[in-house]
Amino acid sequence: MQWLDLSTARRPNLEPKRVNVDFPLWMVNRLDENAKKRGVTRQALIKMWLADRLEAAK
């Protein structure tokens, strides 16, 4: 498409926003165990779990 520049396209409300969260070591270890079982990164696991929880809380 000659009139559509996808390199500048944006997805409203889906832009990443960096946040910092401190977890105790035992939580990080458990997150890593669960992430490894599922074959995903710790960050991906946290995002999946948070998304599920937020959907359930609607």
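As shown above, the structure is provided for reference.
S.K.: I tried to follow the side chain of N34 on my own but got confused; where do I start?
M.R.: Examined against the element boundaries, N34 turns out to sit in helix α1 (residues 25-38). Residue N34 is classed as buried on the basis of its relative accessible area of 17%. A distance of 2.8 Å separates a polar side-chain atom of N34 from the backbone oxygen of R30. Sequence-distant contacts of N34, that is, excluding residues within four places in its chain, are made with L45 and W49.

S.K.: So what exactly am I meant to see when it comes to the pattern of salt bridges here?
M.R.: Side chains carrying opposite charge are able to pair once their charged atoms draw close together. Applying the stated rule across the entire model yields three salt bridges. Of the charged contacts, one joins E15 and R10 as a salt bridge, the two residues approaching to 3.2 Å between their closest N and O atoms. Judged by its relative accessible area of 37%, E15 falls in the partly exposed class. The exposure class assigned to R10 is exposed, which follows from its relative accessible area of 66%.

S.K.: Please explain the packing of α1 against helix α2 (residues 42-56) as it appears in this structure.
M.R.: Any two packed helices are characterised by the angle at which their axes cross and by the distance between the axes. At a minimum axis distance of 9 Å, the contact between α1 and α2 shows a crossing angle of 90 degrees. In terms of orientation, α1 and α2 fall into the roughly perpendicular class. Contacts between α1 and α2 involve V28, L31, D32, N34, A35 and R38 from the first element and R42, L45, I46 and W49 from the second. In terms of residue class, the contact of α1 with α2 is made up of six nonpolar, one polar and three charged.

Conventions used here
- Residues numbered from 1 in each chain as written.
- Predicted model: local features only at pLDDT ≥ 70, side-chain atom pairs only at ≥ 80, totals over all residues.
- Heavy atoms only, no water.
- Helix = DSSP H or I, 4+ residues; strand = E, 2+ residues; numbered from the N terminus.
- Buried < 20%, exposed > 50% of the residue type's maximum accessible area, 1.4 Å probe, protein only.
- Polar contact = N/O pair within 3.5 Å; in protein donor to acceptor, adjacent residues only side chain to side chain.
- Contact = heavy atoms within 4.5 Å.
- Salt bridge = Lys/Arg side-chain N within 4 Å of Asp/Glu carboxyl O.
- Axes fitted to C-alpha atoms, helices over the stretch in contact; angles between N-to-C directions.
- Parallel < 35°, antiparallel > 145°, perpendicular 65-115°, else oblique.
- Nonpolar A, V, L, I, M, F, W, Y, C, P; charged D, E, K, R; others polar.

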